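# Architecture at a glance
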Amino acid sequence: MTHRVNFAKTAPKAFKALIGFDAAARAGLDPALVELVQIRASQLNRCAYCLHMHTADARKAGESEERLHLVAVWHEAAHFFSEKERAALALTEAVTLISGGVPDDVYTRAAGQFGAEELAQLLALIFAINTWNRIAITTAKVPGTDERGAAA
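Below, the structure is looked at part by part. (Residues numbered from 1 in each chain as written. Predicted model: local features only at pLDDT ≥ 70, side-chain atom pairs only at ≥ 80, totals over all residues. Heavy atoms only, no water.)

## What about the side chain of N45?
Take N45: it is sitting in helix α3 (residues 31-45). There is a polar contact of 2.8 Å between the side chain of N45 and the side chain of N130. (Helix = DSSP H or I, 4+ residues; strand = E, 2+ residues; numbered from the N terminus. Polar contact = N/O pair within 3.5 Å; in protein donor to acceptor, adjacent residues only side chain to side chain.)

This is the structure we're talking about:
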């Protein structure tokens, strides 16, 4: 494989702006929900680097192995997730796989579980993880080499 650019070092202003956006997006959201959303988007985007990072973060935050294993099939294992979590996961899928737009029923379901400000935060979180996934995939980040502390 050819050498890929280190985005954090070669575009530091953009990288720092994204860190700020990510932090702002998380504000006020349940940390467990944040990790579930990041895990699901990373699964859909096939981003092993981010998936490894966020499953590790979820474990550290006390998430159960059982639920972590079921995020990919949450539709079939709905009883493991709250209605709010299911609405967030559905919205995550719709925004991540946006080629056909976000269906009204998915948006309405999420709006029914989240107030306007919290829904906006959730959308920002989904936008942020999709951006992180694209950076990690494009620059060929290696799973298991969490560089958050080194890049900041």
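Having seen it, we continue.
## Some words on the packing of helix α4 (residues 48-60) against helix α8 (residues 116-138)
How two helices sit against one another is set out by the angle between their axes and by the gap between those axes. For the pair α4 and α8, interaxial distance at closest approach is 8 Å and the crossing angle is 125 degrees. As summarised for this structure, α4 and α8 are arranged oblique, according to the angle between their axes. Here α4 contributes Y49, C50 and H54 to the contact with α8, which in turn contributes I129, W132, N133 and A136. Here the residues of the contact of α4 with α8 sort into five nonpolar, two polar and no charged. (Axes fitted to C-alpha atoms, helices over the stretch in contact; angles between N-to-C directions. Parallel < 35°, antiparallel > 145°, perpendicular 65-115°, else oblique. Contact = heavy atoms within 4.5 Å. Nonpolar A, V, L, I, M, F, W, Y, C, P; charged D, E, K, R; others polar.)

## Description of the packing of aromatic side chains
In total, this model carries two aromatic pairs according to the counting rule given. Ring geometry for F7 against F15: centres 6.3 Å apart, planes inclined by 65 degrees, an arrangement best described as edge-to-face. When the ring of F15 is compared with that of W132, the centres are 5.5 Å apart and the planes differ by 75 degrees; the resulting orientation is edge-to-face. Linking F15 in helix α2 (residues 12-26) with W132 in helix α8, this pair joins segments that are 117 residues apart in sequence. Comparing F15 with W132 shows no difference in burial state: the two are buried. The structure contains a cluster of three or more aromatic residues connected by ring pairs, namely F7, F15 and W132. (Phe/Tyr/Trp six-rings, centres within 6.5 Å; stacked < 30°, edge-to-face > 60°. Buried < 20%, exposed > 50% of the residue type's maximum accessible area, 1.4 Å probe, protein only.)

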